[in-house]
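Here is how the chains run, residue by residue.
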Amino acid sequence: MEEVTEGLNNINISSDSYRKNRIQVSNTKKPLFFYVNLAKRYMQQHNEVELSALGMAIATVVTVAEILKNNGFAVEKKIMTSTIEMNGETRGRPVQKAKIEIVLGKTENFDELMAAAQEERELGYAEEQS
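Below is a summary of the structure that appears in this document. (Residues numbered from 1 in each chain as written. Predicted model: local features only at pLDDT ≥ 70, side-chain atom pairs only at ≥ 80, totals over all residues. Heavy atoms only, no water.)

**Here's the deal with the overall build of the chain**
Phase 1 of the analysis: Each helix and strand in the chain was counted, giving four helices and four strands.
Phase 2 of the analysis: Counting from the amino terminus, helix and strand elements in the chain follow one another as α-β-α-β-α-β-β-α.
Phase 3 of the analysis: Expressed as a percentage of the 130 residues in the chain, the buried residues total 28%.
Phase 4 of the analysis: Counting only carbon and sulfur atoms, one obtains 49% of the accessible surface of the chain, whose full area is about 9,400 Å². (Helix = DSSP H or I, 4+ residues; strand = E, 2+ residues; numbered from the N terminus. Buried < 20%, exposed > 50% of the residue type's maximum accessible area, 1.4 Å probe, protein only. Areas by Shrake-Rupley, 256 points an atom, 1.4 Å probe, with all protein chains shown as cover.)

Here it is, written out as structure tokens:
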């Protein structure tokens, strides 16, 4: 058992492959506003969020980023694009896939906007109960 613990302590996770504030977006698994709300939560915890996507999901990432920017929650810090090689679903041949990473930071009034949204939800809930 000690060997396992020692082995786990010696594992180095590269900062590129795992980040606490990275959201890997899919265009099929979750609805758009799931990612918008998740990004807001990540920004509350880490002050910035990295949205990442491959291929067809790139449009979803760009839409999420634009919603956050247009509603005053986020500012764009960095956009990175690249092409990666992956094994294709058919015949296992390597396929080139486009990749995008967008880093967003909190705006100055992020906390005020979040507090106002929370207050609206609480008022709406109170009205439903009466």
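Moving on, there is more to tell.
**What about the packing of aromatic side chains?**
Two aromatic rings, taken as a pair, are described by how far apart their centres are and by the angle between their planes.
Phase 1 of the analysis: Overall, the coordinates contain two aromatic pairs when judged by the stated rule.
Phase 2 of the analysis: The interplanar angle of 80 degrees and the centroid separation of 5.3 Å between the aromatic rings of Phe 34 and Tyr 35 together place this pair among those described as edge-to-face.
Phase 3 of the analysis: Here the guanidinium or amino end of Lys 30 rests over the ring plane of Phe 34, the centre of that ring lying 5.0 Å away.
Phase 4 of the analysis: Stacked on the ring of Phe 73, the Lys or Arg Lys 40 has its end atom at 4.3 Å from the ring centre. (Phe/Tyr/Trp six-rings, centres within 6.5 Å; stacked < 30°, edge-to-face > 60°. Lys NZ or Arg CZ within 6 Å of the ring centre and 35° of its normal.)

**A word on the pairing of strand β2 (residues 48-54)**
Phase 1 of the analysis: Most of β2 sits inside the fold, with five of its seven residues counted as buried.
Phase 2 of the analysis: Bridge count between strand β1 (residues 22-24) and β2: three bridges; the pairing is parallel. Bridged to Gln 24 within β2 is Ser 52.
Phase 3 of the analysis: For the crossover that starts at β1, traverses helix α2 (residues 32-46) and ends in the parallel β2, the hand is right-handed.
Phase 4 of the analysis: With seven bridges connecting them, β2 and strand β4 (residues 94-106) associate as antiparallel partners. Pairing of Glu 50 across the sheet is with Val 103, part of β4. (Pairing = 2+ DSSP bridges. Right-handed = clockwise from strand over helix to strand, strands pointing away.)

**Overview of the environment of Met 80**
Phase 1 of the analysis: The topology assignment puts Met 80 in strand β3 (residues 74-87).
Phase 2 of the analysis: Considered as a pair, Met 80 and Ile 102 are 22 residues apart in the sequence and their alpha carbons are 6.5 Å apart.

**Remarks on the nonpolar core**
Phase 1 of the analysis: One finds Ile 23, Val 49, Leu 51, Ala 53, Val 61, Leu 68 and Leu 104 to be the most contacted residues of the largest nonpolar core, which totals 23 residues.
Phase 2 of the analysis: Of all the elements, helix α3 (residues 58-70) adds the most residues to this core, at six residues.
Phase 3 of the analysis: The contact partners of Leu 68, leaving out residues within four places of it in the chain, are Val 36, Ala 39, Lys 40, Met 43, Phe 73, Ala 74 and Leu 104. (Core = buried A, V, L, I, M, F, W, Y, C linked by side-chain atoms within 4.5 Å. Contact = heavy atoms within 4.5 Å.)

**Focus: the pattern of salt bridges**
Phase 1 of the analysis: Throughout the structure, instances matching the rule amount to six salt bridges.
Phase 2 of the analysis: For Arg 22, the salt bridge goes to Glu 101, with nearest N and O atoms at 3.2 Å. Separated by 79 residues along the polypeptide, Arg 22 in strand β1 and Glu 101 in strand β4 bring together distant segments of the chain. Assigned by exposure class, Arg 22 and Glu 101 land together as buried.
Phase 3 of the analysis: The shortest N-O distance in the salt bridge between Lys 69 and Glu 76 comes to 2.6 Å.
Phase 4 of the analysis: One connected set of salt bridges, linked through shared partners, spans Arg 22, Glu 50 and Glu 101. (Salt bridge = Lys/Arg side-chain N within 4 Å of Asp/Glu carboxyl O.)

**Topic: α2**
Phase 1 of the analysis: With 15 residues, α2 should reach 21 Å at 1.5 Å per residue; the first-to-last C-alpha distance of 21 Å fits that figure.
Phase 2 of the analysis: Among the residues of α2, those classed as buried are Tyr 35, Val 36, Ala 39, Lys 40 and Met 43. One side of α2 holds all its buried residues, which, seen down the axis, span an arc of 140 degrees. Exposed side of α2, more than 90 degrees from the buried face: Arg 41 and Gln 45 are the residues found there.
Phase 3 of the analysis: Asn 47 occupies a position one or two residues after α2 and carries a positive phi of about 70 degrees. (Expected span 1.5 Å × (residues − 1). Arc of directions from axis to C-beta.)

Geometric descriptors of this kind do not, in isolation, establish any biological role.
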